[in-house]
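# Understanding the architecture of this molecule
So you can see what is in the structure, the chains are spelled out below.
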Amino acid sequence: MNAKERARNRWKLLANTVSKKCQDQIFASQISYDLFNIECINTEWSKYSSCVQNNNFSAIVCRSPIIVTPEELMGFNNTGNVRIWPSEEVLAYYVLSNLDSFRDKTVLELGGGMSCLAGIMAALYGFCSDVHLTDGNPNSVYNVERILEKNVFTTKVTCSVLKWDQRPSNICHYDVVLAADCLFFDEARDDLVRTIAASLSYSGVAWVAAPKRGTTLYEFIKMAQQEGLICTVQQNYNTLVWERHSNQVLYNPSYDADSHYPLLISITKAAKIIDCQFQ
């Protein structure tokens, strides 16, 4: 099976998911690891809240007004407008569990979908110096703009469309880069790697949360290493997330860890080696 056929099959998988349930049911269904309490405000807006290390955090989030049909999924990357996927939920919780890593840092989220939940939490509570939220889909970015207007930030927060295969040559360098479940499509993986490499500062770190999903995660790591990036894969990176995952394995017969449980990849740049000649 070639790359195009694999990509087509992944689109069909997503299309079937949407066709089996209406989009309202998908969005409203409980997030896999139950890390956030979701309080419905009205048909569009919800309050996502979580208690982490005895501290309470929350953000007002809205669903995309765009109704994604199976046909649209087959022709365009609308996956970020379907729902907040488990990897984004887990990455957002990881951000809240490691807020010291964001203080005074510049932060970029790639492929954040309709919520950019991880980046939103960093902007609200991480005391960052600057946060930029991106997705390749204009509809997703429009929704993120609505979320930015609804929440109160003390940090500079911006959002824009960023297509990985059309990134600007003068892209800024960031201390922290976030990406959740962005490895699904084979044809986009190389562009994602290059975007991370181009946007990550030499002393920075990228955190990528994604399930194994066959060989997709390891193919991404291989590409990243070929680009000169150093990748460290963590399975048990948060006690509560690991506990919820373990319970799913034990008590949910339909739970497929390979397809659902997000591993965490920490990515840094290799140190530059400078040859010194001594007189």
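Provided above is the structure to which this section pertains.
Here goes a summary of the coordinates provided. Quick caveat: nothing in here was measured; it's all calculated off a predicted structure.

### Description of the overall build of the chain
- Secondary structure summary: the chain contains 10 helices and 10 strands in total.
- Restricting to contacts in the chain with at least 6 residues of sequence separation, those with at least 24 account for 78%.
- When the accessible surface of the chain is summed, it comes to about 13,800 Å², and 49% of that surface belongs to carbon and sulfur atoms.

### Focus on the sheet that holds strand 1 (residues 37–40)
- What the 3 strands build is an open sheet, ordered 1-2-3; its pairing is antiparallel. Only two strands of the sheet have a single neighbouring strand rather than two, namely strand 1 and strand 3 (55–62). Direction aside, the axes of adjacent strands within the sheet are offset by 25 degrees on average.
- One ladder, built from 8 bridges, connects strand 2 (residues 45–52) with strand 3; its direction is antiparallel.

### Regarding the sheet that holds strand 8 (residues 200–210)
- With mixed pairing, 7 strands are arranged side by side in an open sheet as 6-5-4-7-8-10-9. Strand pairing shows two members of the sheet lacking a second neighbour, strand 6 (157–161) and strand 9 (229–234), which therefore form its edges. Each neighbouring strand pair of the sheet contributes to a mean axis angle of 20 degrees, computed without reference to strand direction.
- With respect to the sheet, helix 6 (residues 138–150) is in contact with strand 5 (130–135) and strand 6, its orientation differing from that of strand 6 by roughly 165 degrees.

### Let's talk about the side chain of Thr216
- Following the sequence through the fold, Thr216 ends up in helix 8 (residues 216–226).
- Since its relative accessible area comes to 1%, Thr216 is described here as buried.
- At 2.9 Å, the side chain of Thr216 forms a polar contact with the backbone oxygen of Lys212.

### Quick notes on unusual backbone geometry
- The backbone phi angle of Asp104 is positive, close to 65 degrees, even though this residue is not glycine.
- Among the structural elements, Asp104 can be located in the loop between helix 4 (86–97) and strand 4 (106–110).
- For Asp104, a relative accessible area of 58% puts it in the exposed group.
- At Arg213, a position not held by glycine, the phi torsion is positive, near 45 degrees.

### Digging into the packing of helix 7 (residues 189–199) against helix 8
- Interaxial distance between helix 7 and helix 8 falls to 9 Å at its minimum, and their mutual angle equals 45 degrees. The angle between helix 7 and helix 8 falls in the class oblique. In terms of crossing hand, the pair formed by helix 7 and helix 8 is right-handed. Side by side, helix 7 and helix 8 meet where Arg189, Asp190, Leu192, Val193 and Ile196 of the first sit next to Thr216, Glu219, Phe220, Met223 and Ala224 of the second.
- Split by residue class, the contact of helix 7 with helix 8 holds 6 nonpolar, 1 polar and 3 charged.

### A few points about the pattern of salt bridges
- Counted under the stated rule, the structure contains 7 salt bridges.
- Residue Arg189 is joined to Asp186 by a salt bridge in which the shortest nitrogen-to-oxygen separation is 2.4 Å. Comparing Arg189 with Asp186 shows no difference in burial state: the two are buried.
- Beyond isolated ion pairs, a larger network of salt bridges with shared partners links Asp186, Arg189 and Glu219.

### Focus on the environment of Ala270
- Following the sequence through the fold, Ala270 ends up in the segment after strand 10 (263–269).
- By relative accessible area, Ala270 is classed as partly exposed at 36%.
- A C-alpha to C-alpha distance of 5.9 Å links Ala270 and Leu229, two positions 41 residues apart in sequence.
- Ignoring sequence-local partners within four residues, the contact set of Ala270 consists of Gly228 and Ile230.

### Some words on the pairing of strand 1
- Two strands pair when backbone bridges link them, and strand 1 and strand 2 are joined in this way by 4 bridges, in the antiparallel orientation. Residue Ile38 lies in a different strand from strand 2, and its bridge partner there is Tyr48.

### Side note on the environment of Gly204
- Along the chain, Gly204 turns up in strand 8.
- We classify Gly204 as buried; its relative accessible area is 4%.
- Put simply, Gly204 and Val176 are 28 residues apart on the chain and 5.7 Å apart in space, counted from C-alpha to C-alpha.
- Those residues in contact with Gly204, other than ones at most four positions away along the chain, are Tyr174, Asp175, Ile267 and Thr268.

Each value, and the rule that gives it
- Residues numbered from 1 in each chain as written.
- Predicted model: local features only at pLDDT ≥ 70, side-chain atom pairs only at ≥ 80, totals over all residues.
- Heavy atoms only, no water.
- Helix = DSSP H or I, 4+ residues; strand = E, 2+ residues; numbered from the N terminus.
- Contact = heavy atoms within 4.5 Å.
- Areas by Shrake-Rupley, 256 points an atom, 1.4 Å probe, with all protein chains shown as cover.
- Pairing = 2+ DSSP bridges.
- Axes fitted to C-alpha atoms, helices over the stretch in contact; angles between N-to-C directions.
- Buried < 20%, exposed > 50% of the residue type's maximum accessible area, 1.4 Å probe, protein only.
- Polar contact = N/O pair within 3.5 Å; in protein donor to acceptor, adjacent residues only side chain to side chain.
- Parallel < 35°, antiparallel > 145°, perpendicular 65-115°, else oblique.
- Left-handed = near helix turned anticlockwise from the far one by under 90°.
- Nonpolar A, V, L, I, M, F, W, Y, C, P; charged D, E, K, R; others polar.
- Salt bridge = Lys/Arg side-chain N within 4 Å of Asp/Glu carboxyl O.

By themselves, these figures tell us nothing about what the structure is for.
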